[in-house]
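Summary of structural features
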Amino acid sequence: MTERKPVRIAALMAFVALVAGACSGPGTDQAAPAAAAAKAAAEPGCIVPKVIGHRGTPEDENTMKELRDAVSAGAHGVEFDVWWTRDGVPVLSHDPTVDRTTTGHGAISDMTAAEVRLLRTKRGQPVPTLEEALRYVAEQRMTGMVELKPTPTAVQVQSLLAAIRKTGTAEYVIVHSFNRAAVAAVRKAAPELRTALTHEKTEISGAEAARYGTSLNVSRFLATPEAVEDWHAAGLRVYVWTANWEPAWKTAQSAGVDVILTDRVGPYKLWARTACRVEPTRG
């Protein structure tokens, strides 16, 4: 379930409408919908961005259950956050401490992997290791966006790369971070991996973003049509976050982004079904 190139839905609808018109009997009025679909197909194709489950889903973020729930809802991939334990094991967590997301207390960097493993979220889920999450990514053959929260040490970078190699997920993973030094460290250690800068608040050019990888993971508020055109011209695949409601989805689609990160995969997929709908004209 790797990300595929967007399907040009309008062209497909035109084909279906024309076939239906050809097969209809005398007196059946198929001209209007067929003409509308054909007109849409002649215009630039309507593209619905792919969807990534942001931290899986929000109910129990960064747990295996929520990664699975995002995929079950139709996500083309998942995004999750990584910190390192005291003994050097990368585990999934958005925060540097476990206080908000689990019933425990304290910094992950002060705990061993075994201690983190004993924790449970408020809904009873364990905290996964990066290796566990990547094994699921490999099983599903989908995109796994790995966000590095701290700037890793050289040893931590090697543990990240070891997990990727062990799970065979190099072709599926995108390593990204707000920390430019973190992205640069991964690019230096493994230039073959896909990486991306995660960016917000200020404008960024395609040339600048391309220094950090082949993609840009950017706040949806910066993704104007002009900016997206510039990023695409620099050879970047454009991901936007976090778009959770239909107006934001429509704006991102109109801007021409490639992928949307959302906490609401199910509702997004329902919206996506009609995002390129061609309304028949009335004669």
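One structure accompanies this document, and this report is about it. None of these values were measured; they are calculated from a predicted model. (Residues numbered from 1 in each chain as written. Predicted model: local features only at pLDDT ≥ 70, side-chain atom pairs only at ≥ 80, totals over all residues. Heavy atoms only, no water.)

Here the focus is the side chain of Thr195. Following the sequence through the fold, Thr195 ends up in strand β6 (residues 194-199). There is a polar contact of 3.3 Å between the side chain of Thr195 and the side chain of Arg187. Other than its neighbours up to four places away in sequence, Thr195 contacts Ile174, Val175, Val183, Val186, Arg187, Tyr212, Gly213, Thr214 and Ser215. (Helix = DSSP H or I, 4+ residues; strand = E, 2+ residues; numbered from the N terminus. Polar contact = N/O pair within 3.5 Å; in protein donor to acceptor, adjacent residues only side chain to side chain. Contact = heavy atoms within 4.5 Å.)

Attention now goes to helix α7 (residues 180-189). The α-helix winds at 3.6 residues per turn, so residues separated by three or four positions along the chain end up facing the same way. Where α7 is concerned, the buried positions are Ala182, Val183 and Val186. Along the axis of α7, the buried positions cluster into a sector of 95 degrees, meaning they face one direction only. Those residues of α7 hidden inside the fold are in contact with β4 (143-148), α6 (154-167), β5 (173-177) and β6. (Buried < 20%, exposed > 50% of the residue type's maximum accessible area, 1.4 Å probe, protein only. Arc of directions from axis to C-beta.)

Moving on, we come to empty space enclosed by the protein. This model, assessed by the stated rule, comprises 1 cavity of 30 Å³ or more. Every residue lining the largest cavity is listed: Glu61, Asn62, Thr63, Leu92, Ser93, His94, Thr101, Thr102, Thr121 and Val127. By residue class, the composition of the lining of the largest cavity is 2 nonpolar, 7 polar and 1 charged. (1 Å grid on protein atoms, 1.4 Å probe; cavity = no way out; pocket = protein on both sides within 12 Å on 5 of 7 lines; lining within 4 Å. Points joined across faces, edges and corners; volume = space filled by probe spheres on them. Nonpolar A, V, L, I, M, F, W, Y, C, P; charged D, E, K, R; others polar.)

Read these as spatial facts, not as claims about activity.
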